[in-house]
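Chain by chain, the residues:
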Amino acid sequence: MGMVTQAMDGVGSEPGAFGKRIMELAERLAQWSEIPDGLTCTYLSHAHRSVAAEIRNWMRQAGLVTEIDAVANVVGRYAASDPAARTLIVASHYDTVRNAGKYDGRLGVLTALVLVEHLKRLGRELPVHLDVIAFSEEEGVRFSSSFLGSRAVAGRFDGKLLERQDADGHTLAAVMRDAGLDPARIPTLARRREELMGYLEVHIEQGPVLLEEGLPVGIVSAIAGSVRSSVTITGTAGHAGTVPMTRRHDAAAAAAELVLYVERRCAQEPTLVGTVGQFFVPNGATNIIPGRCELTLDIRAGDDAARDAAVSDVAAEIARIAARRGVSIESREVQRTATVPCSPRLQSLLADAVARAGITPRHLPSGAGHDAMMFDGLTDVAMLFVRCGNGGVSHSPREIITAEDADIAARVMLDAVLRLAETS
Ligand SMILES: [Zn+2]
């Protein structure tokens, strides 16, 4: 009886089978790398193109109608019998940062893949098209511009991006043409609102919350937008031995004060985070008082109001530091993205599936950006986070997950996708 019920739910696969396969496939994808020891897979490198071909091959074997599109996304459709049916996208990315972990991005792609492999095995048709998409570029490593793949599918690809250059001076357009892609076709990839019924993404949490709470999966409530600024402090350079401490206008000391303020202010609220990731003293030397200091600022929070309040407090502090120390501080905002709230409807769909799996549904914001953000305003988006081991470390070879957690995530997704498709 139990077996019959399982088959009717579509969860007929033996326990652990999804997780085992996801882990195996992640290992196989990790064999293609730009570096001998470790994993680096950036946009349209040889390794990247090999990974795309392999994913496409697996999708084909699962019976999907596949293509590698004009930005090198690997797209596979598990088609409904009605060609006019709406489309549910389940996606994530296959590029990586330098010296990456094996699961950031790829976990979401492989979870979607095992899900359709399973539906195909059961011969189960859905009343909606299920599009599995492996986005080609999310991390922004090669061209300093992130979300190239999802941007195109969401219709947000700005043609000016094609002029961007990589470290070797090759433009994005040239690199794409060399790989046999046609940049002129990018606008045709944009999906229309009417054809979509939702966007779901599985991703590793890249943080310690689920690990600390002993939960294998969690439901993302919102994806934090960030405000990024570039700050230049100009003081007065001078001889390190002759200028008395009371007469100095030390740019690095002013910058240090700012860094500590950002740390203090952003510790005041639970989802608020602030980071100075780059800090330079140009032409600095042991025996020179720093005349100039350049730093970057990245402030994020689960909601825009909390973030913007912190940004304006930092601006006020900048003015106070400048006045007190007699230095000039110029802060230029270089990027501002809005926080993307996940769909309440899809969140409760995922929460119900998590509860049916016997797990307490835990909603948590994402501090990291994800492909899902690109679909905000185009269709309902939701994300399922999977517990990270090793203290929650990601963007590192130390990034790990367990096969058990991957299995739970796949089962939760299968349950949620089937219910969503039925209510379409
Ligand atoms: Zn990612």
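Every value quoted in this text rests on a predicted model; they were computed, and no experiment measured them.

Considering the domain arrangement of the protein chain
Point 1. The domains assigned to the protein chain are domain 1 (2–223 + 340–422) and domain 2 (225–336).
Point 2. Domain 1 and domain 2 are separated by 37 Å when their C-alpha centres are compared.
Point 3. With seven residues of domain 1 at the contact, the number on the domain 2 side is four residues.
Point 4. Summing both partners gives a buried area of about 300 Å² for domain 1 against domain 2, and 55% of it is carried by carbon and sulfur.
Point 5. By the criterion of area lost to domain 2, the three top residues of domain 1 are Ile223, Pro365 and Gly367, representing 67% of everything that side buries.
Point 6. Where domain 1 touches domain 2, the interface holds zero salt bridges.

Considering the nonpolar core
It is characteristic of soluble globular proteins that their nonpolar side chains tend to be buried jointly.
Point 1. Counting residues in hydrophobic clusters, the biggest one holds 111 residues, and the most contacted among them are Tyr43, Leu130, Phe375 and Leu384.
Point 2. Residue contributions to this core peak at eleven residues, all from helix α11 (residues 403–422).
Point 3. Core analysis: the second largest hydrophobic core is formed by 25 residues, Val262, Ala301, Val311 and Ala322 among them.

Concerning the packing of aromatic side chains
Point 1. Inspection of every chain in the model, using the stated rule, returns two aromatic pairs.
Point 2. The structure contains a cluster of three or more aromatic residues connected by ring pairs, namely Phe135, Tyr199 and Phe375.

Re the side chain of Ser45
Point 1. Secondary-structure assignment places Ser45 in the loop between α2 (17–30) and α3 (46–61).
Point 2. Given a relative accessible area of 11%, Ser45 falls into the buried group.
Point 3. Among all residues touching Ser45, those that are not within four sequence positions of it are Glu34 and Arg142.

Cut-offs used in this document
Residues numbered from 1 in each chain as written. Predicted model: local features only at pLDDT ≥ 70, side-chain atom pairs only at ≥ 80, totals over all residues. Heavy atoms only, no water. Domains from an automatic or database assignment. Contact = heavy atoms within 4.5 Å. Buried area = accessible area lost by both parts, 1.4 Å probe. Salt bridge = Lys/Arg side-chain N within 4 Å of Asp/Glu carboxyl O. Core = buried A, V, L, I, M, F, W, Y, C linked by side-chain atoms within 4.5 Å. Buried < 20%, exposed > 50% of the residue type's maximum accessible area, 1.4 Å probe, protein only. Helix = DSSP H or I, 4+ residues; strand = E, 2+ residues; numbered from the N terminus. Phe/Tyr/Trp six-rings, centres within 6.5 Å; stacked < 30°, edge-to-face > 60°.

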